[in-house]
Structures are given as C-alpha cells and as structure tokens.
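# Structural features, examined
Okay, here's what each chain looks like letter by letter:
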Amino acid sequence: MKIARFSHTRDGEKSPVIDYGIVDEDALVVLAGDPMFAGFDTTGERVPLAKVGSLLAPVIPRSKVVAVGKNYREHAAEMGGEAPGEPLLFLKPNTAVIGLGDAIIAPPQSERVDYEGELAVVIGKIARNVRAEDAAEHIFGYTVANDVTARDLQEKDGQWTRAKGFDTFCPLGPVIETELAPDAVLRTRLNGELKQEAPISDMVHDIPSIIAYASSVFTLLPGDVILTGTPSGIGPMKPGDTVEVEVDGVGSLVNPVRAPK
C-alpha cells in the first residue's frame, strides 16, 4: 500500500489543505488523519491525481532523521576505507526535509554538494532496545531519500553534522510504501544519466540490524526516519542539475538543484 501526503484545493474553496491518502490507481483515497496515529480510516473522499496540488514529503520526522554511513562496501571503498563492523550512525535535522520537486539549495559555504541516493525506513511504533527479529513490528513503511552532503565541508570539519544538515539536504518521497521487496534495486540518475545502481540486499548491515543497533542508543519515535546508506557512485551536483533517486516498488524522488536566492 502506498500512502501520500499531499496538498489540494476542494471544490468551492480557495485555500489548499494538506491530507494523507492511499494511492488507488489514478486517485488518492483521503484518510481521516495521519495514519501513523489515526490508522487507515477514510473520509470517503477521493481526489483525482490530476487535482493534487503537489505531493509533499510523506513524513516530517517528529524528532530525528537517523542515517547510516558507509553501509555498502563499494561506497566505503570509494570513500577510502572499509565498511564499519557496526552501523556508523549520524543525525540529520528534520529541518533538512523536503519533498518531491522541491529544490535542493546548494549553500554558498560549499564548493561541492553531492547526491547520495538511499532507501529510507519510516518508524511507526516506539522502539527502544528492539531485537533484530522484532524490528519489522516497528516499521511503518519505506520511502526514498537523498542524503545530500557538502563533501568539502565533511572533509574540512572532520565530523558530519554541518555537511549533512543544511536546509533542503534530506529530500524524502514521493510516498511511503508499506511493503518492500527484498530484491528491490536502488538507482540514482543525474540529469538522466545513471550514476548509482545496487540492490538493497547489498547493505552491510540490514534493516533489522540497524533498527536494533539504533534503538539500543536512543528511542526511535513514530515518524522518525532511518536512512540506510548509499551505494557507490556518489558525485557532485550543481545548480541547474536534476537528481532522481528511485527504489523499485517505492517510487521515484526527483529534485532540482538551485543556487541560493
């Protein structure tokens, strides 16, 4: 099941509203509220996709975006090292989140801003000291992410907070898919040219292991997002470029890159 967060304007009204909906062929079946808290009760309203104003980031993390570094061996190698024996965790602020079609703003402080296509996991249930075998109970669904990185600042700072934390540096979307095929493939394209391609099964630390490890450090809350790492093929993007990250069965996340105003 695919769930969208979207804006639209009802007939006879001037101001747009934001709703959640279940994707049903060429329409969205409007939900009564945020499904992570209100369940999947519907209002009976159907909004044709043609009347949707825009698909918004499908989730705004209520507390944090947890990310895993160097979780594909070939990416670790291209960064000049080996994959860590345990998940390498860092955080991105929720203010970095944008949605489908929103612009990634290349900050003036950086001379190299990179794309990093990733699969994202959306937490649906409070998780603390969760065992790997129980991790699935705490997953609401999956979406697509771009862990945008100011690569030169990452190297300069020696830690990753500033390089990963700028506003617009965490595109998410286009929807949340509640099921994920184990053989799904992640792809990233820059201006239509394929740059990254790898099955999610290539992760060094799988999703249950990541949830178990992260929840042993801090409590994961409903709406928190985990970025599971990027495969090899990272590279720079510049204003005027368009980056697309796709995960089989989940969707395609497309964002333009812009200079600051």
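The structure presented is a predicted model; accordingly, all values stated were derived computationally and were not measured.

## With respect to the packing of aromatic side chains
- Under the defined criterion, the tally for this structure stands at 3 aromatic pairs.
- Relative to tryptophan 160, the ring of phenylalanine 90 lies with its centre 5.0 Å away and its plane at 70 degrees, an arrangement referred to as edge-to-face. One end of the pair, phenylalanine 90, is in strand E7 (residues 88-92); the other, tryptophan 160, is in the loop between helix H3 (151-157) and helix H4 (161-165), and 70 residues separate them in sequence.
- A residue is classified by how much of its surface remains accessible, and phenylalanine 90, at 11% relative accessible area, is buried.
- Here tryptophan 160 falls in the partly exposed class, since its relative accessible area comes to 22%.

## Considering the pattern of salt bridges
- The tally for this structure, following the rule as stated, stands at 21 salt bridges.
- A salt bridge links lysine 164 to glutamate 116; its shortest N-O distance comes to 3.4 Å. Of this pair, lysine 164 sits in helix H4 while glutamate 116 sits in the loop between strand E10 (113-115) and strand E11 (117-123); the two residues are 48 residues apart in sequence, bridging distant segments of the chain. One exposure class covers both lysine 164 and glutamate 116, and it is buried.
- Residue glutamate 246 pairs with arginine 189 through a salt bridge whose shortest N-O separation is 2.9 Å.

## What to know about the nonpolar core
- Counting 37 residues, the largest nonpolar core has Phe169, Leu172, Leu227 and Met237 as the members making the most contacts within it.
- No other element matches strand E14 (residues 170-177), which puts 3 residues into this core.
- Val121, Ile139, Val144 and Ala184 belong to the second-largest nonpolar core, a separate cluster that totals 27 residues.

## Considering empty space enclosed by the protein
- One pass over the structure, following the stated rule, counts 1 cavity of 30 Å³ or more.
- Space inside the largest cavity adds up to approximately 80 Å³.
- Only strand E6 (65-69) and H3 provide two or more residues apiece to the lining of the largest cavity.
- Tallied by class, the residues present in the lining of the largest cavity amount to 4 nonpolar, 4 polar and 6 charged.

Reading guide: rules and limits
- Residues numbered from 1 in each chain as written.
- Predicted model: local features only at pLDDT ≥ 70, side-chain atom pairs only at ≥ 80, totals over all residues.
- Heavy atoms only, no water.
- Phe/Tyr/Trp six-rings, centres within 6.5 Å; stacked < 30°, edge-to-face > 60°.
- Helix = DSSP H or I, 4+ residues; strand = E, 2+ residues; numbered from the N terminus.
- Buried < 20%, exposed > 50% of the residue type's maximum accessible area, 1.4 Å probe, protein only.
- Salt bridge = Lys/Arg side-chain N within 4 Å of Asp/Glu carboxyl O.
- Core = buried A, V, L, I, M, F, W, Y, C linked by side-chain atoms within 4.5 Å.
- 1 Å grid on protein atoms, 1.4 Å probe; cavity = no way out; pocket = protein on both sides within 12 Å on 5 of 7 lines; lining within 4 Å.
- Points joined across faces, edges and corners; volume = space filled by probe spheres on them.
- Nonpolar A, V, L, I, M, F, W, Y, C, P; charged D, E, K, R; others polar.

These figures come from the coordinates and say nothing about function on their own.
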